[in-house]
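# Observations on the three-dimensional arrangement
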Amino acid sequence: MNGIILVNKEAGMTSHDVIFKLRKILKTKKIGHCGTLDPLAKGVLVCLVNNATKLSNFLVLDSKEYTATFKLGEATTTQDLAGEVVETKEYQNEYSKEDILKVLEQYKGKQMQTPSIYSAIKVNGKKLYEYARANQEVEIPTREINIYDIKLIDFENDLITINVKCSSGTYIRSLCYDIANTLNYPGVLTNLVREQSGSFKIEDAYTLDQIRNEEYQLIGIKEAMDDYQQVILDDDKIKDVKNGKQLEIDIDNRFIVLDKEGNVIAIYERSIDGKAKVIRGLW
């Protein structure tokens, strides 16, 4: 079994919990995932099985889409409901829908984001949340993110629901916290659903119970890399590929090499000298 399973993660589980359960269900240890989801979050978790784990670095940079709800008037240590309340301010119901739309417009495009200290970003080889739990001070690095689109889904009293299309690495709870601050209120994320990761959508994802009951479809490696140009080689050339030899193929972008049976053998990229070299073997 080699391929991708889209899991519709439920709230209350870590991404690691999902992988642990999948290993038991599928009876294989070689399973990983692309793009961690916080325990509070639900939605698409892209899980890679056996040889597909080699695709991790090529899928983890994909864009994401989320639907998020946050509350004005309360802030926590973690910027979501898992943390301790550190600030409150009674919401005065002074904003209109047009006011909210104007603020959301400010958050479109490239920008620098400072994530919560309760995140998995590593500083000096240690995750930020480990510093937080040990009450140790640490400088939180800012990072560039890109909000491709942000839409207002609902606005009622102190609750705002938005849909966000963004670059990988964007912390939605930090985004919601920042938006609330722009509105002069503390803010906390109350609900988060990842609707899409790259080209993988929530409507194509399965619950763990469905997977346990074998009510799922495995996405093949070839299908997952449908955006890549494909080159089919005969058996002799495939031997060269597996030996790491360069190919004289005039393709500028990354491409995948397949054998005659349609199996994806490797990912290639053109080098400075004009030849194509293997950047990841998939056999």
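This report concerns the structure included in the present document. (Residues numbered from 1 in each chain as written. Predicted model: local features only at pLDDT ≥ 70, side-chain atom pairs only at ≥ 80, totals over all residues. Heavy atoms only, no water.)

### What about the environment of Asn51?
Locating Asn51 in the fold gives a position in the loop between strand E3 (42-49) and helix H2 (56-59). Judged by relative accessible area, which is 19%, Asn51 ranks as buried. Sequence separation of Asn51 and Lys30 is 21 residues, and the distance between their C-alpha atoms is 8.2 Å. For Asn51, the contacting residues outside a window of four places in its chain are Asn2, Lys30, Ile221, Leu282 and Trp283. (Helix = DSSP H or I, 4+ residues; strand = E, 2+ residues; numbered from the N terminus. Buried < 20%, exposed > 50% of the residue type's maximum accessible area, 1.4 Å probe, protein only. Contact = heavy atoms within 4.5 Å.)

### Overview of the pattern of salt bridges
Scanning the model with the defined rule gives 11 salt bridges in all. One salt-bridge network, held together by shared partners, links Glu105, Lys108, Asp149 and Lys151. (Salt bridge = Lys/Arg side-chain N within 4 Å of Asp/Glu carboxyl O.)

### Remarks on helix H3 (residues 97-105)
Ile100, Val103 and Leu104 are the residues of H3 that are buried. Mapping the buried residues of H3 onto a view down its axis gives an arc of 100°, with all of them on the same face. Buried-residue contacts for H3 involve strand E10 (143-156), strand E11 (159-166) and helix H5 (172-182). (Arc of directions from axis to C-beta.)

### Side note on the nonpolar core
Grouped together as the largest cluster of nonpolar side chains are 44 residues, with contacts concentrated most on Val7, Ile162, Ile172 and Ile179. Ranked by residue count, the leading element in this core is H5, at 5 residues. If near-sequence neighbours (up to four positions away) are discounted, Ile179 is found in contact with Phe70, Val103, Leu104, Tyr107, Ile150 and Ile162. Counting 24 residues, the second-largest nonpolar core is a separate cluster that includes Val46, Val193, Ile221 and Met225. (Core = buried A, V, L, I, M, F, W, Y, C linked by side-chain atoms within 4.5 Å.)

### As for unusual backbone geometry
Although it is not a glycine, Asn50 adopts a positive phi angle of roughly 55°. For Asn50, a relative accessible area of 17% translates into the label buried. Phi at Asn184 takes a positive value of approximately 65°, unusual for a residue other than glycine. Assignment of secondary structure puts Asn184 in the loop between H5 and strand E12 (187-197).

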